[in-house]
Amino acid sequence: MLKGDATAALAEIEQEKTENWRMIDLPMAYCALGRKADANAALNALIAKYEKDWSYSIAYVYAFCGDADKAFEWLDKAVAYHDAGLGGIVTENLFDKIHSDPRWLPFLRKLGKAPDQLAKIEFKVPPLQ
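Bear in mind the structure is a predicted one, so any value in this text is a computation, not a measurement.

Draft legend 1. Looking closely at the side chain of aspartate 83. Looking at where aspartate 83 falls in the secondary structure, it is placed in the loop between α5 (68–80) and α6 (104–111). Among buried charged residues, aspartate 83 stands out as having no salt bridge; its nearest opposite-charge side chain is lysine 77, 12 Å away. One polar contact links the side chain of aspartate 83 to the main-chain amide nitrogen of serine 55, over a distance of 3.3 Å.

Draft legend 2. How the structure looks around the packing of aromatic side chains. Scanning the entire structure with this criterion turns up 5 aromatic pairs. Their ring planes at 65° and their centres at 5.0 Å tell us that tryptophan 21 and tryptophan 54 sit as a pair that is edge-to-face. Placement of the pair is tryptophan 21 in helix α2 (residues 19–32) and tryptophan 54 in the loop between α3 (36–50) and α4 (55–64), with a sequence separation of 33 residues. Seen in terms of ring centroids, tyrosine 56 and tyrosine 60 are 5.7 Å apart; in terms of plane orientation they differ by 90°. Their pairing is edge-to-face. Residue tyrosine 56 and its partner tyrosine 60 are located together in helix α4, separated by 4 residues, close to a single helical turn.

Draft legend 3. Spatial organisation of the nonpolar core. Formed by 30 residues in total, the largest nonpolar core has its most connected members in Leu75, Ile89, Phe95 and Ile98. Taken together, the elements giving at least two residues each to this core come down to α2, α3, α4, α5 and α6. For this core, the element with the most residues is α4, which contributes 8 residues. When neighbours within four sequence positions are excluded, isoleucine 89 is seen to be in contact with Tyr56, Leu75, Phe95, Trp104, Phe107, Leu108, Leu111 and Lys113. The next biggest cluster of nonpolar side chains, apart from the first, holds 6 residues, and it includes Ile13, Ala29, Tyr30 and Ala39.

Rules of the game
- Residues numbered from 1 in each chain as written.
- Predicted model: local features only at pLDDT ≥ 70, side-chain atom pairs only at ≥ 80, totals over all residues.
- Heavy atoms only, no water.
- Helix = DSSP H or I, 4+ residues; strand = E, 2+ residues; numbered from the N terminus.
- Buried < 20%, exposed > 50% of the residue type's maximum accessible area, 1.4 Å probe, protein only.
- Lys, Arg positive; Asp, Glu negative; His and termini not counted.
- Salt bridge = Lys/Arg side-chain N within 4 Å of Asp/Glu carboxyl O.
- Polar contact = N/O pair within 3.5 Å; in protein donor to acceptor, adjacent residues only side chain to side chain.
- Phe/Tyr/Trp six-rings, centres within 6.5 Å; stacked < 30°, edge-to-face > 60°.
- Core = buried A, V, L, I, M, F, W, Y, C linked by side-chain atoms within 4.5 Å.
- Contact = heavy atoms within 4.5 Å.

So, in structure tokens, the structure goes:
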């Protein structure tokens, strides 16, 4: 999907053996194909089954589909549920569509992952002996 070929992505997703990954990717493929009703149905099924376990992933599905309000709602849930996925939020491309949203940087700041916060981290590597 990130390569712009939603049809090929859907074909691959349909072959995915791991249910949760299939359920996460399916609504994004449907969104990319303009199949809004199918995307909503697939997303509702994902939420019904994996709300607490995959809240971060639900957030990026909403972001990918262009629903910033729902994406931020689910990011807040990911924080509440202590979703480990939040650790990789800075490098996750599926949030690209909401980077320009005025809520993005304050959310990163709340996590301690705003660019200025990350820039202050000092790495001390001992010299090789």
